Amino acid sequence: MTLFDFFNIIGLVAFAVSGVYKGIKKELDILGISILGFLTAFGGGILRDIIINRIPVVLTGYMDISFATGGIIAGMLFYKIFKKDISTSTTVKIFDAIGLAAFTISGAIVGINAGLNLVGVILLAVLTGTGGGMISDILTGEVPFILKEDVYATCSIAGAFILFTLTKTFGFSPESAGFFSLIFTMALRLTAIYKNWHLPRFE
Amino acid sequence: MTLFDFFNIIGLVAFAVSGVYKGIKKELDILGISILGFLTAFGGGILRDIIINRIPVVLTGYMDISFATGGIIAGMLFYKIFKKDISTSTTVKIFDAIGLAAFTISGAIVGINAGLNLVGVILLAVLTGTGGGMISDILTGEVPFILKEDVYATCSIAGAFILFTLTKTFGFSPESAGFFSLIFTMALRLTAIYKNWHLPRFE
Amino acid sequence: MTLFDFFNIIGLVAFAVSGVYKGIKKELDILGISILGFLTAFGGGILRDIIINRIPVVLTGYMDISFATGGIIAGMLFYKIFKKDISTSTTVKIFDAIGLAAFTISGAIVGINAGLNLVGVILLAVLTGTGGGMISDILTGEVPFILKEDVYATCSIAGAFILFTLTKTFGFSPESAGFFSLIFTMALRLTAIYKNWHLPRFE
């Protein structure tokens, strides 16, 4: 297992947990909560694969399911026992940043390999990184956080942009450029949380 | 025509009628009402085919269109004449349960034939069975009923799960397992309506 | 460059501008505004290509990006300088009508070439013509205008219907029928704006 696979698993678990807590906040039943957990974890990868026309890989193996299921059960148990929303805790935010970075770069690499242009690679990266959260927000009637937490999608966009530049302009392989971009995306997101960064409002 | 085709047609008509009544409730014009009718009838099948990468079959033949159009016209005429919302009547609920079962199983069989894993087969089954209603709910600004009417998606999930187990574990052909799962899904949904079942709320 | 390409470019710019103004109205930051601009311009073409299973063409070349980017920058600059919402001005409405017609016909021709039935061709035409606006409306929590501004989607539907009839019944080539249908769709939309047409409400 590469470091990238490892980060990907952390992302699956963190996203599943965040889906579970969205469902708990909306007072859904166990089924609704589990659906939100799976869709938050798998939604981004499914959207990515729909756009580049392949059968969603998260829907064909069994490893991804196991980790997402683990995240869902862990999230529900934790809430049952401690009656506490851990989705806003620092630990979950760090895990979420790792997931955002891993999913972003996986989307961007798929986009580059499919021959997409800059907007295409960025769109695929952002959809993979934030699509799961977007789907669960739309289903629960919330305005997608991607339009509110501005330095979330921004990290995704910046990471994809750097990956694109490194491969297209400087000739790196998508894999080696991917490693650097992943670290960059994660560091950018963590700094944004820590420093409470915001984009300038347009006026 | 097989019994399965027959159930499928009942589903198309019932879903088209339910889309029409959603449009009437929102006081849309005739065009908006017809669009909701078509999207409720065809939406699930379109989502199913998008995920497994084939051109949506409901968009290539003419039989499905005829039945959906029939449902839309019948729904509008009925409302014009009797000024009554039949979408909550027992007859329409029974037809809707037949449609849910037929669409669920069609989605699950397509998923099994495409080599999806358990979550994939269930997702495809639920999307096919409930996707049309979900699309029309989102378009009219309602929280999708799949997150509220809990023993609706549950029937879809249970039916797909049984179909998956029968084929993968017990070696039945998708078609013969499909017949049993279809009857099961329908019976489960009708019992849930009749007994007013709910899933335990998470707390 | 054909007249059709030219109309298509006007459409990209007009749609990007309208996305920018939706973002400004919602008081989003620059990133959110740009995302809405790109999604409004590209959303329809992406949905079209997802349905007929090809990698979205707007995500592979560079010409479309340039024009959409131009529209986004121009829209933001214009607002910064004149503090005025031009998205409701007559000029932008005319450009928008040209875009609606060009995108509608491009979707309908793709649908005919993919062997879709009448509902399929109309759906693809409407999605291509109005999908970008629909996506940005859903993301900003608005009821999609396609369900409110009734003689908008109607023009798209009428144009696709005429194109379908001309090619399937009268044997015209999609390209020559396309030219006529494009002019028709545009004229219908402009007349609807000028005469303030509405569809009869259903009651």
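Everything numeric in this text was worked out from a predicted model, so none of it was measured. (Residues numbered from 1 in each chain as written. Chains lettered and ligands numbered in written order. Predicted model: local features only at pLDDT ≥ 70, side-chain atom pairs only at ≥ 80, totals over all residues. Heavy atoms only, no water.)

Undergrad: Provide a residue-level description of the nonpolar core, including the pertinent values.
TA: Among the nonpolar cores identified, the biggest contains 200 residues, and Phe42 of chain A, Phe42 of chain B together with Phe42 and Ile51 of chain C are the most heavily contacted of them. In this structure, phenylalanine 42 of chain B is in contact with Leu12, Val58, Asp64, Ile65 and Ala68 of chain B together with Val119 of chain C, ignoring residues within four places of it in sequence. (Core = buried A, V, L, I, M, F, W, Y, C linked by side-chain atoms within 4.5 Å. Buried < 20%, exposed > 50% of the residue type's maximum accessible area, 1.4 Å probe, protein only. Contact = heavy atoms within 4.5 Å.)

Undergrad: Before we move on, could you go through the packing of helix α1 (residues 3-25) of chain A against helix α7 (residues 174-195) of chain A and cite the residues and values that matter?
TA: Residues and elements named next belong to chain A. Relative to each other, α1 and α7 sit at 35 degrees, their axes nearing to 11 Å. The two elements α1 and α7 meet at a crossing, and its hand is left-handed. Every residue of α7 that contacts α1 at Leu3, Phe4 and Phe7 is listed here: Phe179, Leu182, Ile183 and Met186. Taken together, the residues of the contact of α1 with α7 sort by class into 7 nonpolar, no polar and no charged. (Axes fitted to C-alpha atoms, helices over the stretch in contact; angles between N-to-C directions. Helix = DSSP H or I, 4+ residues; strand = E, 2+ residues; numbered from the N terminus. Left-handed = near helix turned anticlockwise from the far one by under 90°. Nonpolar A, V, L, I, M, F, W, Y, C, P; charged D, E, K, R; others polar.)

Undergrad: Would you mind going over a nonpolar patch on the surface in detail, with residue names and values included?
TA: Taken together, the side chains of Leu3, Phe6, Phe179 and Ile183 of chain A present a nonpolar region at the surface, about 360 Å² in accessible area. Elements supplying a minimum of two residues to the nonpolar patch: α1 and α7 of chain A. (Patch = residues over 30% accessible without salt bridge, like charges linked within 9 Å, V, L, I, M, F, W, Y side chains within 5 Å. Areas by Shrake-Rupley, 256 points an atom, 1.4 Å probe, with all protein chains shown as cover. Salt bridge = Lys/Arg side-chain N within 4 Å of Asp/Glu carboxyl O.)

Undergrad: Please set out the UniProt feature "domain: Glycine transporter" (unreviewed entry) in chain A residue by residue, giving values where relevant.
TA: Following the UniProt record, the feature "domain: Glycine transporter" (unreviewed entry) maps to residues 6-78 and 94-167 of chain A here. Counting secondary structure, residues 6-78 of chain A comes out at 79% helix and 0% strand; the distance between its end C-alpha atoms is 23 Å. (UniProt positions renumbered as here; feature names shortened; annotations may be inferred.)

Undergrad: Which residues make up the interface of chain B and chain A, and what values do they have?
TA: Taken together, the contact pairs 27 residues of chain B with 31 residues of chain A. Summed over both sides, the interface of chain B with chain A buries roughly 2,400 Å², with 72% coming from carbon and sulfur. Linking chain B with chain A are 5 residue pairs in polar contact (both at pLDDT 80 or more), by the criterion used here. If you tally residues by element for the side of chain B that touches chain A, the top one is helix α5 (residues 118-139) of chain B, at 6 residues. For the side of chain B that touches chain A, the residue count by class is 19 nonpolar, 5 polar and 3 charged. (Buried area = accessible area lost by both parts, 1.4 Å probe. Polar contact = N/O pair within 3.5 Å; in protein donor to acceptor, adjacent residues only side chain to side chain.)

Undergrad: Please provide a residue-by-residue account of the relation of the copies chain B and chain A, values included.
TA: Rotating chain B by 120 degrees about the axis while translating it 0.0 Å along that axis superimposes it on chain A, leaving an RMSD of 0.0 Å. This pairing of chains is accounted for by a three-fold axis. Taking C-alpha positions as reference, the residue of chain B nearest the rotation axis is asparagine 53 of chain B, located at 3.5 Å. Interface overlap between copies: only 11% of the residues of chain B at the interface are likewise at the interface in chain A, consistent with a contact formed by different surfaces. (Least-squares fit on C-alpha atoms with pLDDT ≥ 70 in both.)

Undergrad: Could you give an account of the UniProt feature "transmembrane region" (unreviewed entry) in chain A, naming the residues involved and the relevant values?
TA: Residue and element names in this part refer to chain A. Those residues carrying the UniProt feature "transmembrane region" (unreviewed entry) are residues 6-24, 31-51, 57-82, 94-112, 118-139, 151-171 and 177-194 in this numbering. Across residues 94-112, the secondary structure splits into 100% helix and 0% strand, with the terminal C-alpha atoms separated by 27 Å. Helix makes up 100% of residues 118-139 and strand 0%, whereas the separation of the span's terminal C-alpha atoms amounts to 29 Å.

Undergrad: Describe helix α2 (residues 30-51) of chain A, and please don't skip the residues or the numbers.
TA: Residue and element names in this part refer to chain A. Here α2 is 22 residues long and its end C-alpha atoms lie 31 Å apart, about the 32 Å a rise of 1.5 Å per residue gives. The sharpest bend along α2 reaches about 50 degrees and sits at phenylalanine 42. Along α2, 19 of the 22 residues are buried, which leaves the element largely enclosed by surrounding structure. Of the residues flanking the start of α2, the one acting as N-cap is aspartate 29, its side-chain oxygen 2.9 Å from the backbone nitrogen of leucine 31. Immediately downstream of α2, the backbone of asparagine 53 shows phi near 60 degrees, a positive value. (Expected span 1.5 Å × (residues − 1). Bend = angle between axes of the 7 residues up to and from the residue.)

Undergrad: Outline the side chain of asparagine 117 of chain B, supporting the account with residue identities and numerical values.
TA: With respect to the secondary-structure elements, asparagine 117 of chain B resides in the loop between α4 (90-113) and α5. The class of asparagine 117 of chain B is buried, set by a relative accessible area of 0%. Polar side-chain contacts of asparagine 117 of chain B include one of 2.4 Å to the backbone oxygen of glycine 61 of chain A. Among the polar contacts made by the side chain of asparagine 117 of chain B, one reaches the main-chain amide nitrogen of glycine 120 of chain B at a distance of 2.8 Å. When residues no more than four places from it in sequence are discounted, the contact partners of asparagine 117 of chain B are Val58, Leu59, Thr60, Gly61, Tyr62 and Ile65 of chain A together with Phe164 of chain B.

Undergrad: Mind laying out the pattern of salt bridges, listing which residues take part and the relevant values?
TA: For the coordinates displayed, the defined rule picks out 9 salt bridges over all chains. A salt bridge links aspartate 49 of chain B to arginine 54 of chain B; its shortest N-O distance comes to 2.9 Å. Look at aspartate 49 of chain B and you get buried, because its relative accessible area is 0%. Exposure remark for arginine 54 of chain B: the relative accessible area of 30% places this residue in the partly exposed category. Taken together, the salt bridges that share partners define one network made up of Arg48, Asp49 and Arg54 of chain A.

Undergrad: For the environment of leucine 139 of chain A, give the residues involved together with the corresponding values.
TA: All names here are of chain A. Mapped onto the elements of the fold, leucine 139 is located in helix α5 (residues 118-139). Exposure remark for leucine 139: the relative accessible area of 7% places this residue in the buried category. Along the primary structure leucine 139 and leucine 36 are separated by 103 residues, whereas in three dimensions their C-alpha atoms are 8.5 Å apart.

Undergrad: Break down the environment of alanine 160 of chain A for me, citing the residues and quoting the values.
TA: Residue and element names in this part refer to chain A. Within the secondary structure, alanine 160 sits in helix α6 (residues 150-168). Alanine 160 sits in the buried class, given a relative accessible area of 0%. Once the C-alpha coordinates of alanine 160 and valine 119 are considered, the two residues, 41 residues apart in sequence, prove to be 9.6 Å apart. Every residue in contact with alanine 160, bar those within four places of it in the chain, is listed here: Thr104, Ala108, Val121, Ile122 and Ala125.

Undergrad: Kindly report on unusual backbone geometry, identifying the contributing residues and their values.
TA: Comment: phi is negative for the bulk of residues other than glycine, and the bulk of peptide bonds are trans. Within the chain, asparagine 53 of chain A stands out as a residue other than glycine whose phi angle is a positive 60 degrees. You can see asparagine 53 of chain A is positioned in the loop between α2 and α3 (63-82). Even without a glycine there, the phi angle at glutamate 27 of chain B is positive, about 55 degrees. Within the element layout of this structure, glutamate 27 of chain B appears in the loop between α1 (3-25) and α2 (30-51). Of the residues examined, glutamate 27 of chain B reaches a relative accessible area of 58% and is grouped as exposed.

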